[in-house]
Structure formats: C-alpha cells, structure tokens
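For reference, the chains in residue letters:
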Amino acid sequence: MAITIKPNHDFPKLLIENLKNHYDEKKRLNHEVHVSDILLENCLRKQYYKRKFPDLNTVDNNSLIHFIRGESSEYVITKLANIGISQRDLEFDGLIAHPDIMNNEFIIELKDTMSQKRLDINNEKFISYIRQLLYYLIISGYEKGILSIIYNSEEIKFLKSDEKGDYFFRPKNTKKPEIVSWTIFLSKDDVLREILKNEMIRRKNLFLMALLNNNISSLPRFPEIQRESKCSKCFFYDRCMNVDGEDIIAQDISKELDILSITGIFDFKNR
Ligand code: SF4
C-alpha cells in the first residue's frame, strides 16, 4: 500500500499556455493607445516594439505569478471596497483609460508589488503610479484620487553584495505585508493640469504616429543617464540602440525635464 506523490509539470504549463492565449486575444495590434502605453516611465519605444513584434513577448513563470497576484488582489479589493465601478471605460482625445475603481467623487488606482522597501516620493515607481493617477484625474476631470499599494513582502534592507549575490537583513520591527494608501489632490484650476494634459496628448500622438507610419525614429530612447538601469535588461536593446534610429526631435524630447521631478512640485505629507 502506498500513496504516490510526484512532481506535476503539466498544470503550470497549462496555466502559462492559457495566459499566453489570453494575452494573444488582447494583443494591441490595433491602434488604440492606453494610458499605460505612454507613461514616461514605460519606454515608448519598448511599447512600440511590443506592438510590432507581439510574438517576442514571452510568458513565463514570473509573468504568470505577476498576473495572478495583480488580477486576484484587484478583484478582491474592488469587491471589498464596494465603493464604485471597476474598470470603467474612459476616453480623452483618443486616449483610453481604465481606472481600477471610480465613483462620483474620486478614482482609486490599485497597485500590487513585491517591493521589499516602502515606496515614496523619492522612488521612480511611486512617481509612475502618481503620474498614471494624475492622467486619470485629467481625463475624468476629477480632483481627487487614491493610490493604494499592496505590499506583499516584509520590508528588508540591503546589506552588501559580493560574487555570490546580494545580502539583506530584516530589521527588528520590520514592516509586515500591508496596504498603504495615499490621497492625491489636483485642483481643477491648477496650471499643472494643463501641462500634464499636454504631456499626455503629445506622447499619445507621438506613439500613434509611430505606429501608423511604422517608424520608431520619432520615439525617444531613455536618456543616457538612465540607460544602465533601464535599458541593460531590455529585450529589444540591440534593435533599439544599434538598428533603429532616433531623430533629432526625439533626441531633444529625451533631454527634457520631467515636470514631476521639479523640487517642490509635490506637497508631500507622509503622515
Ligand atoms: S533599450 Fe531602453 S530605450 Fe530602447 S526600447 Fe529598451 S528600454 Fe526603451
């Protein structure tokens, strides 16, 4: 008499295959432009390549886990919150937005992260979340949004690095997995609204024209100073840097100052 237990590799493979089919169905091969395509932190060129070479977008265990975590936490939180409509379709000058939750007063954007440090105004990912929410506020005409970040990991601190890898430690009283939320307010008459609207529409137009003309050269690369962190692991690096060009206007755009990086632009209160 024995109970047999052995590894099963078929089930994860089935999930990966079905997720790939799910993405295939949603592949943005048309010319719809979504807010997530044009965020400053999401490279326009990378989004272009993903559209033009969709078969190079691989689905692996990592993307599977990411998908499951993101979708399930969004589903559960939306149900638990029970304060608005989920994924409402918004459209502004041809730009499409799907805020996670929306009611008559505010918009909520949900983020799910494995980040082991808590994000704030000094972190680029945090700024990207804020920018996305600000774009939603501009598209909807709303003044108030809530950014809600689900941290799945305890906070740990970096210690050192050597040839074997990176070393971290977990401080006493470390932060446990939690949900941290922020209220973002942008007044209807704030001049920043117009500046961000122009930024949003210009990036949408640049992206759309590049897609329509099959010409990536009008899309800016990341500025040189950011390339080591942003581009070194990019799947399209060789094509982007060594095959496809970048015209003068795109080069100038990549040197522009990000309005959200200006000191004092945020009245940031962390309590
Ligand atoms: S290499 Fe850098 S600039 Fe080029 S597509 Fe990738 S992330 Fe964008």
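Summarised in this report is the structure supplied together with it. For every chain, the first residue of the written sequence is number 1, and numbering continues from 1 along that sequence. Under the rules for a predicted model, residues below a pLDDT of 70 receive no local features and side-chain atom pairs below 80 are neither given nor counted, while totals for whole chains, interfaces and linings still include all residues. Side-chain numbers here rest on the full set of heavy atoms in the structure, without hydrogens or water.

Some thoughts on the packing of aromatic side chains
Only Phe, Tyr and Trp rings are paired, with Trp represented by its six-membered ring, and only when their centres lie within 6.5 Å; those with planes under 30 degrees apart are stacked, over 60 edge-to-face, the remainder tilted. Under the defined criterion, the tally for this structure stands at 9 aromatic pairs. Relative to Phe236, the ring of Tyr49 has its centre 5.0 Å away and its plane inclined at 25°; by these criteria the two rings are stacked. Of this pair, Tyr49 sits in helix H3 (residues 44-52) while Phe236 sits in the loop between helix H7 (224-230) and helix H8 (237-243), and the two are 187 residues apart along the sequence. With a centroid separation of 5.4 Å and an interplanar angle of 85°, the aromatic rings of Phe235 and Phe236 are classed as edge-to-face. The class for Phe235 is exposed, based on a relative accessible area of 57%. Accessible area is worked out with a 1.4 Å probe on protein chains only. A residue is then buried under 20% of its type maximum, exposed over 50%, and partly exposed in between. On the basis of relative accessibility, which here comes to 5%, the residue Phe236 falls in the buried class. Clustering of aromatic rings is evident, with ring pairs tying together Tyr48, Tyr49, Phe53, Phe235 and Phe236. Every helix listed is a DSSP run of H or I at least four residues long, and every strand listed is a run of E at least two residues long, numbered separately from the N terminus.

Considering the packing of helix H1 (residues 10-26) against helix H4 (residues 61-81)
Axis separation between H1 and H4 bottoms out at 10 Å; the angle between their running directions is 75°. Of the possible angle classes, the one that applies to H1 and H4 is roughly perpendicular. Residues Pro12, Leu15, Ile16, Leu19, His22 and Tyr23 of H1 form the contact with H4, whose own contacting residues are Asn61, Ser63, Leu64 and Phe67. Classification convention: Asp, Glu, Lys, Arg as charged; Ala, Val, Leu, Ile, Met, Phe, Trp, Tyr, Cys, Pro as nonpolar; all other residues, Gly among them, as polar. Split into classes, the residues belonging to the contact of H1 with H4 amount to 7 nonpolar, 3 polar and no charged. Every angle, taken between N-to-C directions, lies between 0 and 180 degrees, and every axis is a line fitted to C-alpha atoms, over only the stretch in contact when it is a helix. When describing relative orientation, an angle under 35 degrees is termed roughly parallel and one over 145 degrees roughly antiparallel, while 65 to 115 degrees is termed roughly perpendicular and anything else oblique. Contacts are assigned to residue pairs with any non-hydrogen atoms lying within 4.5 Å of each other.

Things to note about the sheet that holds strand E6 (residues 106-113)
Judged by pairing direction, the sheet is mixed, and its 5 strands sit side by side in the order E2-E5-E6-E7-E10 without closing on themselves. The sheet is open, and its two borders are formed by strand E2 (85-86) and strand E10 (178-185), each paired with just one other strand. A pair of strands counts as paired when DSSP detects no fewer than two bridges linking them. Examined bridge by bridge, strand E5 (residues 101-102) and E6 share 2 bridges and lie antiparallel to one another. Directly across from Met102, in E6, lies its bridge partner Ile107. On top of the sheet, H4 reaches E2, E5, E6, strand E7 (144-151) and E10; it is set at about 145° to E6, its chief contact.

As for the side chain of Thr78
Of note, Thr78 is situated in helix H4. For Thr78, a relative accessible area of 14% gives the class buried. Nitrogen and oxygen atoms within 3.5 Å of one another constitute a polar contact, given that in protein one can donate a hydrogen and the other can accept it, and given that sequence-neighbouring residues count only through two side-chain atoms. Looking at Thr78, its side chain comes within polar contact range of the main-chain oxygen of Glu74, at 2.6 Å. Not counting the four nearest positions on each side in its chain, Thr78 is found in contact with Ser86, Ile101 and Leu110.

Here we look at the pairing of strand E8 (residues 157-162)
Across 5 bridges, E8 lies against strand E9 (residues 165-169) in antiparallel orientation. From the neighbouring strand, Ser161 faces E9, where its bridge partner is Asp166.

Considering unusual backbone geometry
Excluding glycine, residues mostly have negative phi values, and the peptide bonds linking residues are mostly trans. The backbone phi angle of Asp93 is positive, close to 50°, even though this residue is not glycine. For Asp93, the position within the fold is in the loop between strand E3 (90-92) and strand E4 (95-97). Accessibility expressed as a relative area gives 47% for Asp93, which makes it partly exposed. Despite not being glycine, Asn214 has its phi angle at roughly 50°, a positive value. In this structure, Asn214 sits in the loop between helix H6 (191-213) and H7. Under the relative-accessibility criterion, Asn214 is labelled exposed at 53%.

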